[in-house]
Every structure is written in structure tokens, then in C-alpha cells.
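One letter stands for each residue in the lines below.
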Amino acid sequence: ILRDIHGRTFNNTSDNYMLPADVAEHSRLDLQHEMLKRRRGGLFYAPQAVRRALAPRDGSRPSILDVGSGSGSWVIEMGRQFPHAEVVGLDLAPANLSSTPPSNCRFECDDANLGLLHYKGCFDVVNASCVTLGITNYRKFMDEVVEILRPGGVFLTVAGDMQIYDENHKLVPLANEGAPGFTYTVRLIHGILDAMRVRHCGPGIDAYPKIYGWLQDQENVWGDIGQKILYIPIGPWEDGMSAKDKQISELMGQDLLRLFQSARPLLLSYGWFEETVDKWSAGAEEEFKILKNKYYIRV
């Protein structure tokens, strides 16, 4: 179920998701997991709702599904935090686990785009973290989440829009190389987005800003909905940052740099020359090193 593309290992199940499934990429996802955990102060928001949904009960075992489980870190940590619950990680490719997961965790290889209704009424919590790139129809996916949740269930979703924001939280436009405002970081991001739009069969890549509105459309099925918008600095450039905030921003910067490496096969497959991609990547790495840009990622 794996294949090699430009020296990186990819899933062989779906052409829609064009980021690797190898140890290097799962290491990046571990960084991302750690960054989000520190920024949230835990594995999830809405802790009261999650703990209520997963409370021990007679007659059935609480169950959790992580869609796009990647490296498996969230699954394993949830398994340890809720040892009485069953935790299932679903992904296109196997997780590269460095140790044996808790006995209440298991991993399944499947494509969520093919449908989830075989899980109808099976879960109390469904988590989908940073997977919009791989979901071809996120609105349909959300309707299926409703079907696979039990009454009182909780849907947790985390999404970033893969674009760059300036210190005033304004979107940074793409400038031509050599023009005022040009940076390799923004050039790379736009190159990746362009390539992903060509490769994807559906609108998943542009779903991020619509998710909360879709939750509101589903309002009659949810007891409560909410969102948190986070602007996470790329590198510790803000004044007066705490040690924790510096760590989070450094993890965000490392996550993005590793994403650029993971996206190299995608950019080459799209048609960019190897010399061009390497030049962009080296330029972005230098910009990160000297904290040239005061940038945020919005989540």
C-alpha cells in the first residue's frame, strides 16, 4: 500500500493526498501534534463535553475515532488518558510507531473519502486534525460524522488554511521575485497550494474557512458549537514572549520547514524544476533562521 515518488514514500491508496507517509513526515506530524497540544493546553478543547461523552458507563464501551491519524500520537495519548475507551486511528497508510501502543488503541488503513457509514453509531468522539487537504468533500464528510457519532457525541476538528499572515493578521500576498515584499516562504506556500489544487479531485484544500459555517448549517443536530481562531507566530519574533510561547512558535517554524521538505515531490510532480524548488527551500530556511519575516499561521 506504499509507493516511492521522488525519493519519498507515499500511500498507494489515494492520489488526492500528496504528502508522504514515511518516517520523516510522521516525525513532522509529531512536531505539529506537540505544537497544537501546547497551544491548546491539552489534546482537545471543550474538555467538559469530551469527558462527558467518554464517561464510563454500563452496557457499552466509549469509543474514539481519529480520522487521518498520521503518526498515531493523538491516538496513543488519548488511549492513555482514557484507558476505559476504545481508540481507533484511521489513515491511508500505517503509522510508523516507535513503541507498542496501549491495548485499547488500534489502527486501520482506509480512505475516509470512500465513506464512513459502516461505522454508523459507533463513536462518542470523532477527531479530524489538519486533514482538510485529504478530504475531497468536507461538507459531506461532516454529515457522515453526524451519522457515526452516538447521541451526546463530540466532533473535534482542527484546520489551518495553509496561508501566511503578517503581524497585523492580514493575508500576505504573493509578490514576484525581486519585487518589494517578496519572500521565499510565501513563494513556497503558493507553489504548494497551486500544486495541491491541481492534484486534488475536490474542494478540500479550500474548505478551511467554510467549516464553522457548515457546523452552523448542521445546527439542529448539535447541542452546542464553537470555534477558536489561533494566530501562531512562525518563529519567536513577538516581543515579550513567554518561554512556552517561544517553544510553540519554534515548533510552528520547524513544522513549516519540514512541510516544505515533504512537499518537494508534489512540487516536482507539478512541473517545477528541481533547481527552482531547492532555491525556494534554501531561501525560506534562511528567512526562518534570521527571523526575517514577522509571520503567522492561522489555525
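The rules behind these values
One numbering rule holds for all chains: residues counted from 1, following each sequence as written. Local features in this predicted model are restricted to residues of pLDDT 70 or higher, and side-chain atom pairs are both shown and tallied only at a pLDDT of 80 or more, whereas totals for entire chains, interfaces and linings draw on every residue. Side-chain measures were taken over the full set of non-hydrogen atoms in the model, leaving aside hydrogen atoms and water. Two strands pair if DSSP finds at least two bridges between them. Going along the chain from the N terminus, every DSSP run of H or I of four or more residues is numbered as a helix, and every run of E of two or more is numbered as a strand. Working convention: axes come from line fits to C-alpha atoms, limited for helices to the stretch in contact. Angles between N-to-C directions cover 0 to 180 degrees. Confidence of the prediction at every residue is given by pLDDT, a number between 0 and 100. In protein, a polar contact requires one atom able to donate a hydrogen and another able to accept it; more generally it is a pair of N or O atoms within 3.5 Å, and residues adjacent in sequence count only if both atoms are side-chain atoms. By definition, residues are in contact when any of their heavy atoms lie within 4.5 Å. A pair is scored as a salt bridge if a Lys or Arg side-chain nitrogen falls within 4 Å of a carboxyl oxygen belonging to Asp or Glu. Exposed residues in this analysis have more than 50% of their type's maximum accessible area, buried residues have under 20%, and partly exposed residues fall in between, with area computed by a 1.4 Å probe over protein chains only. Nonpolar core, defined: a set of buried Ala, Val, Leu, Ile, Met, Phe, Trp, Tyr and Cys residues in which side-chain atoms within 4.5 Å join the residues together.

Draft legend 1. How the structure looks around the sheet that holds strand S5 (residues 105-109). With parallel pairing, the five strands of this open sheet are ordered in space as S5-S4-S3-S6-S7. Taken across any chain shown, the strands that pair with only one partner, and hence form the sheet edges, are S5 and strand S7 (149-158). For this sheet, the mean inter-axis angle between neighbouring strands, taken without regard to orientation, is 20°. The pairing of strand S3 (residues 63-67) with strand S6 (residues 123-129) spans four bridges and is parallel. For leucine 65, the partnering residue across the bridge sits in S6 and is valine 126.

Draft legend 2. Main features of unusual backbone geometry. A positive phi angle is found at alanine 46, which is not glycine, with a value near 50°. Phi at methionine 162 takes a positive value of approximately 55°, unusual for a residue other than glycine. Assignment of secondary structure puts methionine 162 in the loop between S7 and strand S8 (164-165).

Draft legend 3. Structural view of the confidence of the model for the chain. Of all residues in the chain, 92% have pLDDT values of 70 or greater, and the mean over the chain is 90. No element of the chain has a lower mean pLDDT than strand S2 (residues 8-11), at 64, and none a higher one than S3, at 98.

Draft legend 4. Just the side chain of serine 71, in detail. Relative to the helices and strands, serine 71 is located in the loop between S3 and helix H3 (73-81). Within the local environment of serine 71, its side chain forms a polar contact with the side chain of aspartate 30, the two groups lying 2.6 Å apart. Beyond its immediate sequence surroundings of up to four residues, serine 71 is in contact with His26, Leu29, Asp30, Ala95 and Leu97.

Draft legend 5. Examining the pattern of salt bridges more closely. For the structure shown, the criterion picks out 16 salt bridges. Arginine 38 is the salt-bridge partner of glutamate 34, the closest N and O atoms lying 3.1 Å from each other. Placement of the pair is glutamate 34 and arginine 38 together in helix H1 (residues 23-40), with a separation of four residues, close to one helical turn. Here arginine 38 falls in the partly exposed class, since its relative accessible area comes to 27%. Ionic pairing is found between arginine 139 and aspartate 143, a salt bridge with its closest N-O pair at 2.7 Å. Here the residue arginine 139 and the residue aspartate 143 both occupy positions in helix H4 (residues 138-148), the gap between them amounting to four residues, near one helical turn. For aspartate 143, a relative accessible area of 38% translates into the label partly exposed. Sharing partners across several salt bridges, the network here consists of Glu34, Lys37, Arg38 and Glu77.

Draft legend 6. Highlighting the nonpolar core. Within the largest apolar cluster, 41 residues are counted, with the highest numbers of intra-cluster contacts made by Ile164, Ile192, Met196, Ile234, Leu256 and Phe260. Contributing elements (two or more residues each) for this core: H1, helix H5 (184-199), helix H7 (243-262), helix H8 (264-270) and helix H9 (274-289). The dominant element in this core, judged by the number of residues it contributes, is H5, at eight residues. Setting aside chain neighbours within four positions, we find phenylalanine 260 in contact with Thr185, Leu188, Ile189, Ile192, Ala284 and Phe288. If you look at the next biggest cluster of nonpolar residues, it comprises 26 residues, including Tyr138, Val145, Leu149 and Ala159.

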